[in-house]
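A look at the structure
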Amino acid sequence: MENTVLVSRPTYSSSTFQQTYETIEKNNSNLCSRLKLWFRLQMQCSFARVWRILVSFLPVLGWLPKYKKKYIVGDCIAGWTVGIIRIPQGMAYALLAGVQPVYGLYSCFFPVLLWFVFSTSKHTSVGTMAVVCLMIQNLVDLYVPDVTTAVNGSMVLVNGEQVDWNKVDEKYVFIDESNHHVINGSWYLEDFLSNRELEKVQVASSATLLVGLMQLLMAMLRLGFLTTLLSDPVIQGFTTGSAFHVMMSQLKYMFGLAKSVGKHSGAFALFKTLGDILSNLYHANVTDIIICVISVPILIIVKYINDRYKKELKNIPIPIELILVVIATVISYFCHFDDPPYNVNIVKTIPTGFPSFSTPTYIHLWPEIISDCLIMAFISVAISLSLTKIYSDKHGYDIDANQVGTKV
């Protein structure tokens, strides 16, 4: 009897059942009438409705008035930790994207301000992504490829070809003692390479602007659910694969082979890059290798200490990334690492302040790069959404997938 289930219920006839559970007839009104009813309900205006819509676009208006003072200390620690990590990480990701390191600092400063206003996640931050940086680098290399420059006597060479003085601005040309027109090589190449760097920034910013507009359009059309069609194994596989590409793209800098290793694209690009590195190992810079041999183990060890002794450190991690950057900068400054015999490629001068606002000049490339930008828009939202979902499920609160697209 212990395993017996007893079900007791009355017996119904057809008529008795219909009387007890009366069926409700569907509204057979036509489509036009239903649309009119829907629009009438949507056009109803009240303060509560307006406030709800406003909070859905600006979540900060909902949670900031309810903010508790006891969260201030923890949030300040979290903010300092993220800021410390973002400084070296932003500069590294800028190099990964093919632009100057200072633009990585810009990309770390502004997104967190927007995240504060638009985010519905309490435990994540936003910033540069290795996957997106790699895709940006592919576009930059496609439209502004790297060039080799040299000065051979009175000749200025770009990619092995002599620069014609007739095609150069007259401010770079002077007449020598033999009454020949000669290009001031150092001055011309300095401005030439500077303009190339600006072109790279324009391509990257144009692609970034298009990605942002796509994500904003996705949020306005409530298309955030589309990112859920990308399964976790696909995103994790894509991220893991990109990690190998990131590692390989940085390996040449670890050995000081940035000028000796070419950039490859297409199938087997990873193995071609590895082949170039191995074939040029005899050109490796010993100073770069020593710096990496010291820095990488320290980063790994301190990361383990931060994870292992989190309670003893009162959840305040050791900012080893910033410490290493400061120590390396001081040693580089006093030892002149950029001069012989060290010949270390350093960041050099970082401009203070922020650049003036301007519209990207490579917008005409949008029809050609729209497919790449669409992939970047989906990938960045999907990665951010998967991360926010992990923490929202862990701490028991809801997130808005469309709001993730707006803030990313």
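The structure contained in this document is the topic of the report that follows. (Residues numbered from 1 in each chain as written. Predicted model: local features only at pLDDT ≥ 70, side-chain atom pairs only at ≥ 80, totals over all residues. Heavy atoms only, no water.)

**Looking at helix α9 (residues 232-254)**
For the α-helix, the turn length of 3.6 residues means that residues three or four positions removed from each other point alike. Keep this limit in mind: In this text, helices come from DSSP runs of H or I with a minimum length of four residues, and strands from runs of E with a minimum of two, each type numbered from the N-terminal end. Helices are assigned an expected span. That span is 1.5 Å times one less than the residue count. Buried, partly exposed and exposed residues are distinguished by accessible area as a fraction of the type maximum, computed with a 1.4 Å probe on protein chains only: under 20%, between the cut-offs, and over 50%, respectively.
Across its 23 residues, α9 extends 32 Å between first and last C-alpha, which sits within 8% of the 33 Å expected from 1.5 Å per residue. Of the residues making up α9, those classed as buried are Ile235, Ser242, Val246, Met248, Ser249, Leu251 and Lys252. Looking one or two residues beyond α9, the residue adopting positive phi is Gly256, at roughly 70°.

**Focus on the pattern of salt bridges**
Side-chain pairs of opposite charge can arise where the charged atoms are in close proximity. The line we're drawing: Salt bridge, as applied in this entry: a Lys or Arg side-chain nitrogen positioned within 4 Å of an Asp or Glu carboxyl oxygen.
What the rule picks out here adds up to three salt bridges. Each of Asp146, Glu197 and Lys200 takes part in a single network of salt bridges with overlapping partners.

**With respect to the nonpolar core**
We apply this condition: As used in this record, nonpolar core signifies buried Ala, Val, Leu, Ile, Met, Phe, Trp, Tyr and Cys residues forming a set joined through side-chain atoms within 4.5 Å. Note on contacts: a residue pair is in contact if any heavy atoms of the two residues lie within 4.5 Å.
Leu96, Ile136, Ile369, Cys373 and Met376 are the most contacted members of the largest nonpolar core, which has 32 residues in total. The leading source of residues in this core is helix α7 (residues 130-143), at nine residues. Not counting residues within four places of it along the chain, the set of residues in contact with Met376 comprises Val132, Met135, Ile136, Leu139, Val211 and Gln215. Formed by nine residues, the second largest nonpolar core is a distinct cluster that contains Val156, Tyr172, Val173 and Ile183.

**Thoughts on the packing of aromatic side chains**
Our working rule: In this scheme Phe, Tyr and Trp rings, the latter by its six-membered ring, pair at centre separations within 6.5 Å, and the angle between planes marks the pair as stacked below 30 degrees, edge-to-face above 60, and tilted otherwise. Over a ring means this: the NZ of a Lys or the CZ of an Arg is within 6 Å of the ring centre and within 35 degrees of the ring normal.
Summed over the entire model, instances satisfying the criterion amount to 14 aromatic pairs. Pairing Tyr106 with Phe354 gives two aromatic rings, centres 5.9 Å apart and planes at 50°, and the pair type is tilted. Note that Tyr106 is positioned in helix α6 (residues 102-118) and Phe354 in the loop between α12 (320-335) and α13 (366-395), a separation of 248 residues in sequence. A centroid spacing of 5.1 Å and a plane angle of 85° characterise the contact between Tyr333 and Phe334, whose relative ring orientation is edge-to-face. Classification of Tyr333 as exposed rests on a relative accessible area of 62%. In this structure, Arg308 is placed above the aromatic ring of Tyr309, and the distance from its NZ or CZ to the ring centre is 5.2 Å.

**As for unusual backbone geometry**
With omega at 5°, the peptide bond leading from Pro340 into Pro341 counts as cis. Examined against the element boundaries, Pro341 turns out to sit in the loop between α12 and α13. Here His336, not a glycine, exhibits a phi torsion of approximately 55°, which is positive. We classify His336 as partly exposed; its relative accessible area is 45%. The residue Asn343 is not glycine, and still its phi comes out positive at about 55°.

**With respect to the sheet that holds strand β3 (residues 161-162)**
Test applied: Strand pairing requires that DSSP identify at least two bridges connecting the strands.
Spatially, three strands are ordered β1-β2-β3 in an open sheet, and the strand pairing comes out antiparallel. A single partner strand is all that each edge strand has here, and the edge strands are β1 (149-152) and β3. Sheet analysis places strand β2 (residues 155-158) next to β3, joined by two bridges and oriented antiparallel. Bridge assignment links Leu157 to a residue of β3, and that residue is Gln162.

**Concerning the environment of Phe116**
Locating Phe116 in the fold gives a position in helix α6. Look at Phe116 and you get partly exposed, because its relative accessible area is 45%. Separated by 10 residues in the primary sequence, Phe116 and Val126 place their C-alpha atoms 9.8 Å from one another. Discounting chain neighbours no more than four positions away, the residues touching Phe116 are Val60 and Trp63.

**So, a nonpolar patch on the surface**
So the rule is basically this: Residues enter a patch when their relative accessible area is above 30% and they make no salt bridge; the linking distance is 9 Å between like charges and 5 Å between nonpolar side chains (Val, Leu, Ile, Met, Phe, Trp, Tyr). Only the protein chains shown count as cover for residues, and the accessible areas themselves come from Shrake-Rupley with a 1.4 Å probe.
Residues Trp63, Leu64, Tyr67, Tyr71, Ile72 and Phe116 make up a contiguous nonpolar surface patch of about 560 Å² in total accessible area. Note on placement: Tyr71 falls in the loop between α4 (60-63) and α5 (72-97).

**Quick notes on the packing of α9 against helix α10 (residues 269-279)**
For the record, the criterion: Only C-alpha atoms enter the line fits that serve as axes; for helices the fit covers just the stretch in contact. Angles between N-to-C directions range over 0 to 180 degrees. By definition in this entry, angles of less than 35 degrees are roughly parallel, angles greater than 145 are roughly antiparallel, angles of 65 to 115 are roughly perpendicular, and the rest are oblique. We call a crossing left-handed when the near helix sits turned anticlockwise from the far one by less than a right angle, and right-handed when that turn is clockwise. Following the grouping adopted for this structure description, the nonpolar residues are Ala, Val, Leu, Ile, Met, Phe, Trp, Tyr, Cys and Pro, the charged ones are Asp, Glu, Lys and Arg, and the polar ones are all others, Gly among them.
Contact geometry for α9 and α10: axes closest at 10 Å, N-to-C directions at 25°. One way to sum up the angle between α9 and α10 is to call them roughly parallel. For the pair α9 and α10, the crossing hand works out as left-handed. Contact with α9, carried on its side by Phe244, His245, Met248, Leu251 and Lys252, involves Leu270, Thr273, Leu274 and Ile277 of α10 and no other residues of that element. When the residues that make up the contact of α9 with α10 are grouped by side-chain class, the tally is six nonpolar, two polar and one charged.

**Side note on α5**
Condition: To get the bend at a residue, fit one axis to the 7 residues ending there and another to the 7 starting there, then take the angle between the axes.
Its 26 residues place the ends of α5 35 Å apart at the C-alpha level, agreeing with the 38 Å of an ideal helix rising 1.5 Å per residue. Along α5, the largest kink reaches about 35° and is centred on Arg86; proline Pro88 follows within four residues of it. Within α5 the residues assigned to the buried category are Ile84, Arg86, Pro88, Gly90, Met91, Tyr93, Ala94, Leu96 and Ala97. Of the surrounding secondary structure, the elements contacted by the buried residues of α5 are α6, α7, α9 and α12. Taken from the residues just after α5, Gly98 is the one with a positive phi, measuring 90°.

**Thoughts on the packing of α7 against helix α8 (residues 185-220)**
Relative orientation of the contacting elements α7 and α8 amounts to 135°, with a least axis distance of 9 Å. As far as their axial angle goes, α8 and α7 are oblique. The crossing of α7 and α8 is right-handed. Here Ile136, Leu139, Val140 and Tyr143 of α7 lie close against α8, whose contacting residues are Lys200, Val203, Ala204, Ala207 and Thr208. In terms of residue class, the contact of α7 with α8 is built from seven nonpolar, one polar and one charged.

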